[in-house]
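# Close look at the chain arrangement
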Amino acid sequence: MHAFHRAPLVRTARTSRPHAFRRLAGAAAAALVVLSLTGCEDGTGFKDGGEAAASSPAAQVASPSASTAGAAPKGSPTAPAPSAPTAGAGGQQHVLCNGANTGVTVQPVSRPLNHMLITVKNTGSKTCDLTYYPVLRFDEMQWVPAAQQQTRPQAVVSLAPGESGYAGALLSAADGSGEGGTTGQRLTIAFQGRTPLSNGGASATPPLPAAGVAYDSSLSVTYWQRNSADALGS
C-alpha cells in the first residue's frame, strides 16, 4: 500500500489537474505513502497491525489521470523510523497517532456533495498527535491527493485515549471538471511524522462500502481537525 500527503478540504470544486507546484508536493507525499505501505512479508505491501497495516517506502508519482488511476508503483526503499515521542502540556509524553494505536473508519456523506469523512479514534493508552493530514491511496493509485492548505489548524490535533479526530476528502468535482473518474475498492491511509511527509508509523486500511468509493483527479484532503464539522467544512 502506500501513504499520503497533500492538500486541504474545501467545498469548492477542484480543477482537473494539479499545478506543477502541487505535483512536487505530491511526489514527496507519494514517497511517504510508500514508506508506510510497502515491504511486507506477505507480498501484499501491507503488514497487519489491528486495524492498520504497517509498511515501508517506495513509489513513483504521476499526475492524476484515467491512465494512471490503476497503475502500480515501483521501487522499495527503506522507510525511516517513526518520529520520537514529544512532551505535551504538563510534561505528558505524546506519541504519534497511526494505524497501530487508532481505529480508522471512512464514510462517504451526502452533504457536502462528493465528500468523505475520515475518523480516527485513539485506541491506545497514551495521548497521540495527528500531524498534518492523511495521505490517501486508493488501490494502486500513483499520485498523491493534494492537501487543502486553507484547512490547516493553528495547533496539532492531540487525542487522549478514546478521543477522535477527523479529516475530510473531496472525492470529485461537483461540476464534473475532474478527470480520470474511477472507483476505488481499497484505501490505504498513511500517517505523517513530526516533519512533513516523514514516516508516521503503521498505515491503516479501513473498510470501504461494498460498492467502493468513486473519485477523480479532484481528490484532495483536509488537515486533521478536532471535529467533523470542520473536516467537512460545514
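Please refer to the structure placed before this passage.
In what follows, the accompanying structure is described. Predicted model only: the values in this text are computed from it and were never measured.

Across its full length, the chain carries two helices and 16 strands. In the chain, which comprises 234 residues, the share counted as buried stands at 53%. In the chain, once contacts between residues fewer than 6 apart in sequence are set aside, the share between residues at least 24 apart is 78%.

If you look at the biggest cluster of nonpolar residues, it comprises 33 residues, and the most contacted ones within it are Met 116, Ile 118, Leu 130, Phe 138, Leu 187 and Trp 224. Where this core is concerned, the elements lending two or more residues are strand E5 (102-109), strand E6 (115-122), strand E7 (128-130), strand E8 (135-138), strand E10 (157-159), strand E11 (164-170), strand E13 (187-190) and strand E15 (213-215). Looking at this core element by element, the count peaks at three residues for E6. The residues contacting Ile 118, other than those within four sequence positions of it, are Val 104, Thr 105, Val 106, Pro 134, Leu 136, Gly 165, Tyr 166, Ala 167, Ile 189 and Trp 224.

Turning to the pairing of E6, a few remarks are in order. Counting buried positions over the eight residues of E6 gives seven, a clear majority of the element. Pairing between E5 and E6: eight bridges, direction antiparallel. Following the sheet pairing, Thr 102 is matched in E6 by Asn 122. Linking two consecutive strands that pair antiparallel, namely E5 and E6, is a turn of five residues; a positive phi of about 60° is found at Asn 114 within it. With seven bridges joining them, E6 and E11 adopt antiparallel strand pairing. Across the sheet, the residue bridging to Ile 118 is Ala 167, located in E11.

In this model, Arg 111 is joined to Pro 112 through a cis peptide bond whose omega is 0°. By the secondary structure assignment, Pro 112 is in the loop between E5 and E6. In this structure, Asn 114 takes a positive phi of about 60° despite not being glycine. Looking at where Asn 114 falls in the secondary structure, it is placed in the loop between E5 and E6. For Leu 197, which is not glycine, the phi dihedral falls at a positive 65°.

Now for the environment of Ala 190. Along the polypeptide, Ala 190 turns up in strand E13. Here the alpha-carbon distance between Ala 190 and Arg 137, two residues 53 residues apart in the chain, equals 8.2 Å.

Within the structure shown, the criterion is met by one disulfide. With a sulfur-sulfur separation of 2.0 Å, Cys 97 is cross-linked through a disulfide to Cys 128. Residues Cys 97 and Cys 128 share a disulfide whose torsion about the S-S bond is about 85°; that sign makes it right-handed. Residue Cys 97 is found in the loop between strand E4 (93-96) and E5, and its partner Cys 128 is found in strand E7; the two are separated by 31 residues along the sequence. The same class applies to Cys 97 as to Cys 128, namely buried.

All right, on to the layout of surface pockets then. The volume enclosed by the second largest pocket comes to roughly 170 Å³. Across the lining of the second largest pocket, the residue classes break down as eight nonpolar, one polar and two charged.

Bringing the pairing of E8 into the picture now. Looking down a regular strand, the side chains alternate between one sheet face and the other. Side chains of E8 alternate between two faces, with Val 135 and Arg 137 and Leu 136 and Phe 138 buried alike. Here E8 runs beside E13; their pairing, made up of four bridges, is antiparallel. Bridging from a neighbouring strand, Phe 138 pairs with Leu 187 of E13.

Tracing the backbone through its elements, the reader meets Thr 119 in strand E6. Thr 119 has contacts with Gly 103, Val 104, Thr 105, Ser 164, Gly 165 and Tyr 166, leaving out every residue within four places of it along the chain.

Attention now moves to the pattern of salt bridges. Pairing is possible between side chains of opposite charge, provided their charged atoms come close. Inspection of every chain in the model, using the stated rule, returns two salt bridges. The partner of Asp 129 in a salt bridge is Arg 194, and the shortest N-O contact between them spans 2.8 Å. In this pair, Asp 129 sits in strand E7 while Arg 194 sits in the loop between E13 and strand E14 (203-204), placing the two residues 65 residues apart along the sequence. Residue classification places Arg 194 among the partly exposed positions, given a relative accessible area of 23%.

Parameters at a glance
- Residues numbered from 1 in each chain as written.
- Predicted model: local features only at pLDDT ≥ 70, side-chain atom pairs only at ≥ 80, totals over all residues.
- Heavy atoms only, no water.
- Helix = DSSP H or I, 4+ residues; strand = E, 2+ residues; numbered from the N terminus.
- Buried < 20%, exposed > 50% of the residue type's maximum accessible area, 1.4 Å probe, protein only.
- Contact = heavy atoms within 4.5 Å.
- Core = buried A, V, L, I, M, F, W, Y, C linked by side-chain atoms within 4.5 Å.
- Pairing = 2+ DSSP bridges.
- Disulfide = S-S within 2.5 Å.
- 1 Å grid on protein atoms, 1.4 Å probe; cavity = no way out; pocket = protein on both sides within 12 Å on 5 of 7 lines; lining within 4 Å.
- Points joined across faces, edges and corners; volume = space filled by probe spheres on them.
- Nonpolar A, V, L, I, M, F, W, Y, C, P; charged D, E, K, R; others polar.
- Salt bridge = Lys/Arg side-chain N within 4 Å of Asp/Glu carboxyl O.

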